[in-house]
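# Structure assessment
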Amino acid sequence: WEVLRLQGHGLASPWGWSAAIFASFLGATLALYPGTTHGQTFGEVKNFRVAEPYDPPHESQIKSLLEGASARRLPDGRYFLTGATGQTFRVTGERDLVVNAPACFYNPVLHSADSPGPLHAQMADGSFSIEGVGFLWQQTVSSLAISNRVHSRVQAEALGTTKSGKVAAPVA
């Protein structure tokens with residue numbers, strides 16, 4: 001029965017059997033030595049970019065974009081990025097938040113970036129900025145957590161106050 005099934009797939013010729021035996025051998029070898037095939041590095045990539053789209057019906061719009069001046073794949077499957085910039089966008093395509101870090105790790109499985117190093121983030125309109133050391137950015141939900149030495153700046157206009165600290169009159 002096994003021979004008939006293989007003949008139906010074009011493996012009845014001597015080359016077909018050789019190919020089947022080679023494929024079996026290769027599969028067994030890879031199963032026995034997974035460390036030699038998993039996590040190989042492929043050198044440095046320049047201008048690394050990965051985008052996360054919005055869910056339908058806005059799937060043609062970019063929700064967030066992570067870029068790096070360079071990236072190197074690590075044995076665990078993550079990427080080490082230098083000159084990293086993360087951006088979030090509104091459904092209209094307008095830029096919302098810009099995040100900069102000298103270096104970070106990107107996990108393509110979790111769609112996240114993290115680093116024990118410094119980071120600076122600012123709203124596109126300049127109304128708010130935050131900086132600190134150590135962060136985790138979850139790209140799919142546009143969540144940013146900063147763990148240490150966090151400093152933020154809020155423009156008075158964003159709070160609805162004047163520069164003197166008084167509450168501004170509401171705009172009609």
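The preceding data block contains the structure.
Residues numbered from 1 in each chain as written. Predicted model: local features only at pLDDT ≥ 70, side-chain atom pairs only at ≥ 80, totals over all residues. Heavy atoms only, no water.

Looking down a regular strand, the side chains alternate between one sheet face and the other. Pairing geometry for strand E5 (residues 112–123) and strand E6 (residues 128–138), over nine bridges, is antiparallel. Residue pairing across strands places histidine 120 opposite glutamate 131, the latter belonging to E6. Taken together, the nine bridges between E6 and strand E7 (residues 143–154) define a ladder with antiparallel strand orientation. Paired with phenylalanine 135 across the strands is isoleucine 146, a residue of E7. Counted between consecutive antiparallel strands, the loop separating E6 from E7 contains four residues, among which serine 142 sits at a positive phi close to 50°. (Pairing = 2+ DSSP bridges. Helix = DSSP H or I, 4+ residues; strand = E, 2+ residues; numbered from the N terminus.)

Let's shift gears to the pattern of salt bridges. Scanning the model with the defined rule gives five salt bridges in all. One salt bridge in this structure joins arginine 49 and glutamate 67, with 3.2 Å as the shortest N-O distance. Of this pair, arginine 49 sits in strand E1 (residues 44–53) while glutamate 67 is found in strand E2 (residues 62–73), placing the two residues 18 residues apart along the sequence. Note that arginine 90 and aspartate 96 form a salt bridge whose closest N and O atoms lie 3.2 Å from each other. By relative accessible area, arginine 90 is classed as partly exposed at 40%. A residue is classified by how much of its surface remains accessible, and aspartate 96, at 21% relative accessible area, is partly exposed. Bridged by salt links that share partners, the residues Glu44, Lys46 and Arg72 form one connected network. (Salt bridge = Lys/Arg side-chain N within 4 Å of Asp/Glu carboxyl O. Buried < 20%, exposed > 50% of the residue type's maximum accessible area, 1.4 Å probe, protein only.)

Geometric values such as these leave the question of function open.
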